[in-house]
Structure formats: C-alpha cells, structure tokens
Amino acid sequence: PTPPRSTLFPYTTLFRSLGTPNKSSCGSICNIVSKQIGPVLTFGIDGAASMKQDIEHCDAIFVWGKNTDTDDGTDFFSKRIQKARQRGAKLVVIDPRKEGIGQEADIWVPIMPGSDGALALAMLKRIIDNHQYNEEIVANYTSGFDKLKEYLDTLTTTKLLRQCNIEYSLFEEI
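I will try to describe carefully the structure that is included in this document. Just so it is clear, the model here is predicted, and its values are computed rather than measured. In this numbering scheme, every chain counts its residues from 1 along its sequence in written order. At least 70 in pLDDT is required for a residue's local features to be given in this predicted model, at least 80 for side-chain atom pairs to be given and counted, and no such filter applies to totals for whole chains, interfaces and linings, which use all residues. Excluded from the side-chain calculation are hydrogens and water; included are all heavy atoms of the structure.

1. So, the packing of aromatic side chains
What characterises a pair of aromatic rings is the spacing of the ring centres plus the angle enclosed by the ring planes. Ring pairs are drawn from Phe, Tyr and Trp, using the six-membered ring of Trp, whenever the two centres fall within 6.5 Å, and their geometry is named by plane angle: stacked under 30 degrees, edge-to-face over 60, tilted for the rest. The full count for this structure, using the stated rule, is two aromatic pairs. Measuring from centroid to centroid gives 5.9 Å for Tyr168 and Phe171, while their planes differ by 55°, and the two rings are tilted. One end of the pair, Tyr168, and the other, Phe171, are both in helix H10 (residues 168–173), three residues apart, so they sit about a helical turn from each other. The classification of residues rests on relative accessible area computed with a 1.4 Å probe and restricted to protein chains. Under 20% of the type maximum is buried, over 50% is exposed, and intermediate values are partly exposed. Residue classification places Phe171 among the buried positions, given a relative accessible area of 0%. Between Arg126 and the ring centre of Phe171, over which it is positioned, the NZ or CZ distance is 4.3 Å. Helix and strand definitions follow DSSP, with helices as H or I runs of at least four residues and strands as E runs of at least two, each counted in order from the N terminus. Distance and angle both matter: a charge sits over a ring if NZ of Lys or CZ of Arg is within 6 Å of the ring centre and within 35 degrees of the ring normal.

If you want it as structure tokens, here you go:
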C-alpha cells in the first residue's frame with residue numbers, strides 16, 4: 001500500500017499548515033532552471049518537452065556539478081555517456097569530488113566549491129579572445145555580446161583560475 005502523501009512529502013504538510021500549497025526544494029530549483037527557464041530564455045522553447053541531449057553523438061561531454069554515477073536514478077545518462085565514450089568521446093568532469101564519474105573522466109577538474117561562475121567566465125574569456133565561436137550566429141542571433149566582451153576584458157584568466165583553485169595547465173586541457 002502507498003503511504004499517505006504527508007509521509008512521502010513531510011514538508012507538504014508543513015506548508016499546508018502555514019496556509020500555502022506552494023513548496024520548493026533544491027531539486028525544484030535545479031529542474032525548473034535547467035528544464036524550463038533556461039531553454040525558454042535561451043531558445044524560446046519548453047525545454048522539458050523539446051530539449052533532448054544528443055550525448056551519443058558528442059565528441060566531448062561535460063559533466064559539471066553532477067555525479068551521474070550516484071544521482072542518476074535509472075543510470076539513464078551514465079549508460080548514454082558510456083556509449084559515447086566507447087565511440088571515442090572525451091569526458092570532462094567538473095566537480096570537487098572525484099568519486100563516481102570523476103574517476104572515469106579523461107579530464108577531472110577539482111573545482112573549488114562555489115567558484116563555478118569564475119570557471120565559466122574563464123572559459124568564455126578564452127573562447128571569445130581566441131575567436132572560437134561562430135561570429136555570424138553571434139551577430140545575428142544574440143544581444144549584449146559586446147557588453148559581455150567588455151566585461152571579460154576587465155578580468156584576467158589567472159585571477160579567475162585562482163578563485164577556482166585550478167592550475168593553468170589543467171585549464172588548457174579543458
């Protein structure tokens with residue numbers, strides 16, 4: 001028999017007793033941002049229904065702050081990553097913990113907790129400084145790129161990597 005709803009979701013009972021049906025958790029925030037808000041703001045589509053990861057056909061797979069070996073439920077992503085790696089895809093894991101998928105990585109980046117933004121900025125800076133992006137797409141389908149570039153020009157990669165506690169040689173491998 002299924003336990004009563006209040007046993008499965010004890011916080012639901014708490015919030016109802018406070019007079020609200022609304023509840024949120026870290027899972028809600030992660031799922032809402034990655035599956036709904038991000039795709040709508042970026043592509044104008046409902047991500048949950050429209051976004052499909054093409055893991056099997058990737059040449060490089062980045063797993064950032066997620067351990068698919070321990071929190072993947074049915075191993076849905078782990079199995080797909082393994083298939084891509086058998087085909088030759090490289091696996092980059094950005095996570096303070098090496099346990100799980102970090103041990104399988106071609107490149108493990110032991111980032112300092114809370115410094116993900118600094119690493120993302122360092123990566124953006126390198127991509128833009130080296131013109132490793134499609135300039136036509138940026139010109140025709142983005143807004144604010146010049147302001148982003150101006151901001152990145154005020155930063156140094158060395159300082160950003162210091163915030164992440166990552167050596168420059170490792171950054172070059174990513």
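2. A look at the sheet that holds strand S1 (residues 60–64)
In space, the three strands of this open sheet follow the order S1-S2-S3, with parallel pairing throughout. Edge positions in the sheet fall to S1 and strand S3 (107–109), since each has one partner strand and no second. Taken over all neighbouring pairs, the strand axes of this sheet differ in orientation by 15° on average, direction set aside. Note that strand S2 (residues 90–94) and S3 share three bridges and pair parallel. Looking across to S3, one finds that Val92 is bridged to Ile107. Across the sheet, helix H6 (residues 116–129) is in contact with S1, S2 and S3; its angle to S1 comes to roughly 155°. Note: two strands are recorded as paired if DSSP finds a minimum of 2 bridges between them. The axes are straight lines fitted to the C-alpha atoms, using for helices just the contacting stretch, and the angles between their N-to-C directions are given from 0 to 180°. Two residues qualify as a contact provided that any one of their heavy atoms is within 4.5 Å of a heavy atom in the partner residue.

3. Points about the nonpolar core
Formed by 21 residues in total, the largest nonpolar core has its most connected members in Val109, Leu119, Ile166, Phe171 and Ile174. Breaking this core down by element, the ones donating at least two residues are S2, S3, H6, helix H8 (145–153), helix H9 (157–164) and H10. Take this core: its biggest share by element is five residues, from H6. Residues contacting Val109, with those up to four places away along its chain left out, are Val92, Val93, Ile94, Asp95, Leu119, Ile166, Leu170 and Ile174. The definition of a nonpolar core used throughout is a set of buried Ala, Val, Leu, Ile, Met, Phe, Trp, Tyr and Cys residues joined through side-chain atoms within 4.5 Å. Formed by 10 residues, the second largest nonpolar core is a distinct cluster that contains Val63, Ala89, Ile101 and Ala105.

4. Considering the pattern of salt bridges
Any Lys or Arg side-chain nitrogen located within 4 Å of an Asp or Glu carboxyl oxygen qualifies as a salt bridge. Under the criterion given, the structure shown has six salt bridges. For Asp106, the salt bridge identified is with Arg85, shortest N-O distance 3.1 Å. Residue Asp106 is found in the loop between S2 and S3, and its partner Arg85 is found in helix H5 (residues 76–86); the two are separated by 21 residues along the sequence. Asp106 gets classed as partly exposed once you look at its relative accessible area, which sits at 38%. Between Asp129 and Lys125 there is a salt bridge, with its nearest N and O atoms 3.4 Å apart. With Asp129 and Lys125 both in helix H6, this residue pair falls four residues apart, about one helical turn. The exposure class of Lys125 is buried, given its relative accessible area of 9%.

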